[in-house]
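# Examination of the molecular architecture
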Amino acid sequence: MARQRSIISLILVFLATFLMSCGGPTVATPPPTYTQTQLEKIQGYLTDIKAVRERKSELGELIDSKQWIKVGNFIHGPMAEARLDMTYIVPNLLPSEQAPARKVARDVFDHLVKVDQAASSGNQLVAASNFEAVYSDIDKFLNLMPSKLNSAEEG
């Protein structure tokens, strides 16, 4: 009987050792990164957004000179296209970046609506303040873009 206990104990020690060695430390998953395809899609959509960003002074001059029809055309043309591109970029961002980018894109839309309403009513003050907010939001959106895209442009 004592012999059987020692054999059973020995088997249990080997079994426990085997199970412990199989358990090993957990491997940390690497942080999510962008695929080349995602970067290419984002880069393609950024073209229109950056073009609108560079035309900031043009829209500002239209508002200052109260050319409301041209302001409306600008908002419904290039600005609407840039806003649409923002919505196309969001799903290609990392999951942690999607919510802030979606919020900024929504803020751009809200401010564009206010500029358009101000242009329709000829309210230069409201149009100018929301125009500044639109471009501030565009800058925020561009700052959320992958650093790989920003460093490729600077280099």
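One can find the structure itself at the top, above this paragraph.
Rules behind the numbers
Residues numbered from 1 in each chain as written. Predicted model: local features only at pLDDT ≥ 70, side-chain atom pairs only at ≥ 80, totals over all residues. Heavy atoms only, no water. Helix = DSSP H or I, 4+ residues; strand = E, 2+ residues; numbered from the N terminus. Expected span 1.5 Å × (residues − 1). Bend = angle between axes of the 7 residues up to and from the residue. Buried < 20%, exposed > 50% of the residue type's maximum accessible area, 1.4 Å probe, protein only. Salt bridge = Lys/Arg side-chain N within 4 Å of Asp/Glu carboxyl O. Contact = heavy atoms within 4.5 Å. Axes fitted to C-alpha atoms, helices over the stretch in contact; angles between N-to-C directions. Parallel < 35°, antiparallel > 145°, perpendicular 65-115°, else oblique. Left-handed = near helix turned anticlockwise from the far one by under 90°. Nonpolar A, V, L, I, M, F, W, Y, C, P; charged D, E, K, R; others polar. Core = buried A, V, L, I, M, F, W, Y, C linked by side-chain atoms within 4.5 Å.

### Some remarks on helix α4 (residues 68-89)
With 22 residues, α4 should reach 32 Å at 1.5 Å per residue; the first-to-last C-alpha distance of 30 Å fits that figure. Of all the bends in α4, the greatest measures close to 40° and is centred on Met79. Turning to α4, its buried residues are Trp68, Val71, Gly72, Phe74, Ile75, Met79, Ala82, Arg83, Asp85, Met86 and Ile89.

### Description of the pattern of salt bridges
For the structure shown, the criterion picks out six salt bridges. The salt bridge involving Glu132 is made with Lys56; its shortest N-O contact spans 3.4 Å. Placement of the pair is Glu132 in helix α6 (residues 124-143) and Lys56 in helix α3 (residues 56-64), with a sequence separation of 76 residues. Residue classification places Lys56 among the partly exposed positions, given a relative accessible area of 24%.

### Examining the side chain of His111
Tracing the backbone through its elements, the reader meets His111 in helix α5 (residues 95-121). Judged by its relative accessible area of 18%, His111 falls in the buried class. Here His111 is in contact with Asn130, Ala133, Val134 and Asp137, once residues within four sequence places are set aside.

### A few points about the packing of helix α2 (residues 36-54) against α4
Across the interface, α2 lies against α4 with an axial gap of 8 Å and an inter-helix angle of 150°. By the criterion of interaxial angle, the relationship of α2 to α4 is roughly antiparallel. The two elements α2 and α4 cross, and the hand of that crossing is left-handed. Counting all contacts with α2, which are made through Ile42, Tyr45, Leu46, Asp48, Ile49 and Val52, the residues of α4 involved are Pro78, Met79, Glu81, Ala82, Asp85, Met86, Tyr88 and Ile89. When the residues that make up the contact of α2 with α4 are grouped by side-chain class, the tally is eleven nonpolar, no polar and three charged.

### Some thoughts on the packing of α2 against α6
Each packed pair of helices is defined by two parameters, the angle between the axes and the distance between the axes. One way to put it is that α2 packs onto α6 with a least axis distance of 11 Å and a crossing angle of 140°. For α2 against α6, the interelement crossing comes out left-handed. Counting all contacts with α2, which are made through Leu46, Ile49, Lys50, Val52 and Arg53, the residues of α6 involved are Tyr135, Ile138, Asp139, Phe141 and Leu142. Of the residues in the contact of α2 with α6, the class split is seven nonpolar, no polar and three charged.

### Focus on the nonpolar core
With 37 residues, the main nonpolar core has Ile49, Val71, Tyr135, Ile138 and Phe141 as its most contacted residues. Contributing elements (two or more residues each) for this core: α2, α3, α4, α5 and α6. Sequence-distant contacts of Tyr135, defined by excluding residues within four places in its chain, comprise Val52, Arg53, Arg55, Lys56, Leu59, Phe74 and Met79.

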